[in-house]
Amino acid sequence: MQFIDLKQQQERIHGRLMENISTVLAHGQYIMGPEIRELEKRLAEYTGVKHAVSCASGTDALLMALMAYNVGPGDAIFTTPFTFVATAEVISLLGATPVFVDIEPDTFNMDPARLEDAVAALEGRSPGRHPLPAGFENLTPRGIIPVDLFGQCADYGKINKIAKEHGLFVIEDAAQSFGGEYQGAKACSLAHVAATSFFPAKPLGCYGDGGMVFTDDDALAAKLDSIRVHGKGSDKYDNVRIGINGRCDTLQAAILLAKFEIFPEEIELRQEVARRYNALLGASGKVACPVVRPGYRSAWAQYSVLCAKRDALLDALKDSKIPTAVYYPKPLHVQGAYAYLGYRGGDFPVSMKSASDIFSLPMHPYLAEQDQARIAEVLKKALS
Ligand SMILES: *Cc1c(COP(=O)(O)O)cnc(C)c1O
């Protein structure tokens, strides 16, 4: 059994993959070849967003979005400590400061009520209202990066409203939620800008690194296109701003085009796998199954459960050769890299508690019913 089985998918689309790769080898446009525009067009259509700008990774997608807003030293960006490090890392790379906001205990996404507190605390210079990072006295609130953790979108209705009231931009970290939905709209269309990742294990993954930025804003899209190629102006030897080498490889775009053909079907298959898990594990009452709120559709990047006896369960699953993972064992505010912000563990209790109880089970569109039954059996035995 695989944690994420990419082999079965590859077998299904092998012919198309080979065809698409051969086409690239034949035309030889390895950088910004025609497959890049084709992929951008398809994914813009799918998400319902006007502009899609492909790039080299999900991390670059986030970085480019922040650069497009001229984020730099003295800027505060609100995000959650219960995410992959890249979300906060890009803020720090630009010299700005992450201001952490705790999550909701059932969805693991940014808690809008805590966000409201954090913004008010920073604006009012009142750290008694919400934990603030060292040096908060000199920070200006600029933007918010909510994360669509494990495939379920954050509460953009509430978050966008808070952003508007305080003049902040919102960047959707949709690295895990491509294919997910919120109130009938697709992930990547829910904020001013969105960033997704095509890392192989993500819902839509390539065979290497890749990412994409989405926005309806024409001016911002033009800026992203420039930042992606060293801040190019009229051509790449006309440099009008500081940019990066953030291009997506043509070969990865060709691979993604083959995978995207079956992607909508795979999202449906993931719903079935999740439903089966819920039915098998929900009855026990001993592990907390993922909660998908009404009006949301998860892309099911991960199927993550909570149990106070996590370590015993992980041992039992390991003994039965069932792969598992822990996302995330240590929230960002207690990571060594962020010690300089001066946060304490207890500042974000929901993130700390989730980090100690959470684990993820195998999840992919082709997970067999018998394998899921076996996983449930092992868990049941370990819990009895
Ligand atoms: C994977 C991931 C990223 C980074 O994407 P890469 O393509 O690996 O650079 C950013 N944020 C979240 C939440 C992720 O899961």
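Residues numbered from 1 in each chain as written. Predicted model: local features only at pLDDT ≥ 70, side-chain atom pairs only at ≥ 80, totals over all residues. Heavy atoms only, no water.

## Observations concerning the sheet that holds strand β2 (residues 75-79)
Across the sheet, seven strands lie side by side as β1-β9-β8-β5-β4-β2-β3; this open sheet has mixed pairing. Since the sheet does not close on itself, it has two edges, and those belong to β1 (51-55) and β3 (97-100), each with one partner. Neighbouring strand axes in the sheet, compared pairwise and without regard to direction, differ in orientation by 25° on average. Pairing of strand β5 (residues 169-173) with strand β8 (residues 193-197), which is carried by three bridges, proceeds in the parallel orientation. Among the inter-strand pairings, E172 is bridged to a residue of β8, identified as A194. Each of β1 and β9 (211-215) touches helix α2 (residues 34-47); the most contacted strand, β9, lies at about 50° to it. The sheet contacts of helix α3 (residues 58-68) involve β1, β2, β4 (140-145), β5, β8 and β9, and relative to β8 the element is tilted by about 160°. (Pairing = 2+ DSSP bridges. Helix = DSSP H or I, 4+ residues; strand = E, 2+ residues; numbered from the N terminus. Axes fitted to C-alpha atoms, helices over the stretch in contact; angles between N-to-C directions. Contact = heavy atoms within 4.5 Å.)

## Details of the sheet that holds strand β6 (residues 181-182)
Within a sheet, each strand pairs with its neighbour through backbone hydrogen bonds, oriented either parallel or antiparallel. Taken together, three strands build an open sheet; the order of strands is β7-β6-β10 and the sheet is antiparallel. A strand with exactly one partner marks an edge of an open sheet, and here the two such strands are β7 (185-186) and β10 (296-297).

## Quick word on the site of the ligand
For the ligand, the set of nearby residues contains 15 residues, the closest of which are G58, T59, Q176, S197 and K202. Taking T59, its side chain carries an N or O atom lying 2.5 Å from an oxygen atom of the ligand. Surface burial for the ligand is 92%, taken as the share of its 380 Å² of free accessible area covered by protein chains. Put simply, the parts of the chain that give the shell around the ligand at least two residues each are α3 and α4 (86-93). Here the element with the most residues in the shell around the ligand is α3; it accounts for three residues. (Near = heavy atom within 4 Å. Polar contact = N/O pair within 3.5 Å; in protein donor to acceptor, adjacent residues only side chain to side chain. Areas by Shrake-Rupley, 256 points an atom, 1.4 Å probe, with all protein chains shown as cover.)

## Quick look at the domain arrangement of the protein
The domains assigned to the protein are domain 1 (6-101 + 109-260) and domain 2 (263-383). Of note, the centres of domain 1 and domain 2, computed from C-alpha atoms alone, are 24 Å apart. Across the domain 1/domain 2 interface, buried area totals approximately 3200 Å², and carbon plus sulfur atoms make up 60% of it. In terms of surface lost to domain 2, no three residues of domain 1 exceed F82, F150 and Q152, which account for 23% of the buried area on that side. R12 is paired through a salt bridge with E265; the nearest N and O atoms lie 2.9 Å apart. Counting across the domain 1 and domain 2 interface gives 19 residue pairs in polar contact (both at pLDDT 80 or more). Elements that contribute at least two residues to the side of domain 1 that touches domain 2 include exactly α1 (7-27), α4, β3, β6 and α8 (250-260). In terms of residue count, β3 provides more of the side of domain 1 that touches domain 2 than any other element does, four residues in total. A breakdown of the residues in the side of domain 1 that touches domain 2 according to their chemical character gives 23 nonpolar, 14 polar and five charged. (Domains from an automatic or database assignment. Buried area = accessible area lost by both parts, 1.4 Å probe. Salt bridge = Lys/Arg side-chain N within 4 Å of Asp/Glu carboxyl O. Nonpolar A, V, L, I, M, F, W, Y, C, P; charged D, E, K, R; others polar.)

## Brief notes about the pairing of strand β11 (residues 303-306)
Burial along β11 is two-sided: Y303 and V305 and S304 and L306, pointing in opposite directions, are all buried. Examined bridge by bridge, β11 and strand β12 (residues 358-361) share four bridges and lie antiparallel to one another. The partner of S304 across the bridge, within β12, is S360. (Buried < 20%, exposed > 50% of the residue type's maximum accessible area, 1.4 Å probe, protein only.)

## Re the side chain of S57
When you line up the elements, S57 lands in the loop between β1 and α3. Of the polar contacts made by the side chain of S57, one reaches the backbone nitrogen of T59; its length is 3.3 Å. Setting aside residues no more than four positions away along its own chain, S57 makes contact with T196, D209, G210 and G211.

## Digging into the pattern of salt bridges
Going through the model one piece at a time under the given rule, you end up with 21 salt bridges. For R114, the salt bridge goes to D117, with nearest N and O atoms at 3.1 Å. Taken together, the residues span about one helical turn, with R114 and D117 both in helix α5 (residues 112-123) at a distance of three residues. Classification of D117 as buried rests on a relative accessible area of 16%. With a closest N to O distance of 3.4 Å, K161 and E165 form a salt bridge. Residue K161 and its partner E165 are both found in helix α6 (residues 156-166); the two are separated by four residues, about one turn of the helix. A residue is classified by how much of its surface remains accessible, and K161, at 54% relative accessible area, is exposed. Connected through shared salt-bridge partners, R37, E40, D225, R228 and K232 make up one network.

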